[in-house]
Amino acid sequence: MFSRSAILSLGLAVLPHAFAAVFDVQVGANGLAFEPEALFANVGDQVVFHFNPKNHTVTQSAFADPCGKKEGGFDSGFMPVAANTSSELLPTYTITVNDTAPVWVYCKQAAKTAASHCGAGMVFSVNCPADGPNSFANFKSAALKIGEDLKAAAASTSEAQPSATDNTWTAAYGGYTVPPEAEPTLVTETITLDSTSIWTTTYSSYANAPAATPNSAEGSVIKVVVGASGLTFDPPRVSANPRDVIMFEFHAKNHTVTQSSFADPCRKSNETTAFDSGFMPVDASLTEGFPTWNLTVNDTAPMWAYCKQKTPASHCGAGMVFAINSNEESERNFSAFQNLAKELNGTATSTASGAGASSTDTDGALSMRIGTAGLVVIFAALATLL
């Protein structure tokens, strides 16, 4: 369903050589890169770009503006590719070389933001000089400089450390110092999923967050196993695009996935949209058919979660926490979040002050719905499941 090929001419149209060569270029196969990054081609040769997961473009630029679309230049548009797509189904985009002038290319994903793929060095060239001022090395260096400037601008406005006159950043209780929260950059971008799905969105862009473009119309499914290997989420953190579905599979004994906040890891967030699976009791004898709970990701902002089970002891305090789209290059990374949960030891009570406090905290109770009548039975402690 993904196969697509577009033939574009570069320069003046001439008949291709009878024995024209075809060059294959992998897009995003090993991180933010074209492989190879540059090549030399004769008139009539073709360059076929193979798009790997996740979502990239092949867009023509100019040497003087590596990360900006050249007026009248070619553009593949965004090519979303779901994870684990077989090589036979990877979408392609083809250009035909019709003269020997240098052609400069970049990926326009997350353009003009700190997460710019071009700014990370995702550029390509055909027939560029091997050396001299207009070499590929200088072209890529200029793209990387653009990325450095974008990150510096984002850091100065969104991640500046508080000054001596600012309030001290502390956890919700316990007096622990925590890193300041990053301020996102507001971005308006046209999202192109396919030829029939194009829309404009305004979203908060965070440093090192995934792109705002979904992997596919349905999104990808990311499986997270809860409690199969002790008090853990496996994996403990994921990167997810909008429309992706995180499927939590619950194993013995009785756990939840509940949204919290970085500064208050072990209490449910007081945001009205905070998610909570509720308790999921699973018998230890169960070997298949484990219960699941799905969470659809709507944006790329970092989200923090924990297991709110407190019987016989706090699961969160033991480090049973989870993160979505955490910036692992910042101080607010997953390890810092987990360490804070352990330091606080999940000892918050319903009377504790600070973000996320609840006046009706029922953590530790098991709520089970029985029969069509909707009878709800509350077990304060269920030793066989805990």
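Residues numbered from 1 in each chain as written. Predicted model: local features only at pLDDT ≥ 70, side-chain atom pairs only at ≥ 80, totals over all residues. Heavy atoms only, no water.

Caption draft 1: Main features of the sheet that holds strand β16 (residues 237-238). Ordered in space as β16-β23-β22-β19, the four strands form an open sheet in which the pairing is mixed. In this open sheet, the two strands that pair with only one neighbour each are β16 and β19 (258-259). Inspection of the sheet shows β19 paired to strand β22 (residues 303-306) by two bridges, in the antiparallel sense. Bridge assignment links Q259 to a residue of β22, and that residue is A305. Contacts from helix α2 (residues 334-344) reach β16, β22 and β23 (321-324) within the one sheet, and its direction differs from that of β23 by about 150°. (Pairing = 2+ DSSP bridges. Helix = DSSP H or I, 4+ residues; strand = E, 2+ residues; numbered from the N terminus. Contact = heavy atoms within 4.5 Å. Axes fitted to C-alpha atoms, helices over the stretch in contact; angles between N-to-C directions.)

Caption draft 2: View of the sheet that holds strand β17 (residues 245-250). Taken together, four strands build an open sheet; the order of strands is β15-β14-β17-β21 and the sheet is mixed. At either margin of the open sheet sits one strand with a lone partner, and together these are β15 (233-234) and β21 (292-296). The sheet contact formed by strand β14 (residues 221-226) and β17 spans six bridges and is parallel. What sits directly across from V224, in β17, is F248.

Caption draft 3: View of the nonpolar core. Counting residues in each nonpolar core, the largest one holds 23 residues, and the members touching the most others are F233, F248, F250, V257, W293, F322 and I324. The residues contacting W293, other than those within four sequence positions of it, are I246, M247, F248, F250, V257, F275, D276, S277 and M280. Among the nonpolar cores identified, the runner-up in size contains 22 residues, and V58, V81, I95 and M122 belong to it. (Core = buried A, V, L, I, M, F, W, Y, C linked by side-chain atoms within 4.5 Å. Buried < 20%, exposed > 50% of the residue type's maximum accessible area, 1.4 Å probe, protein only.)

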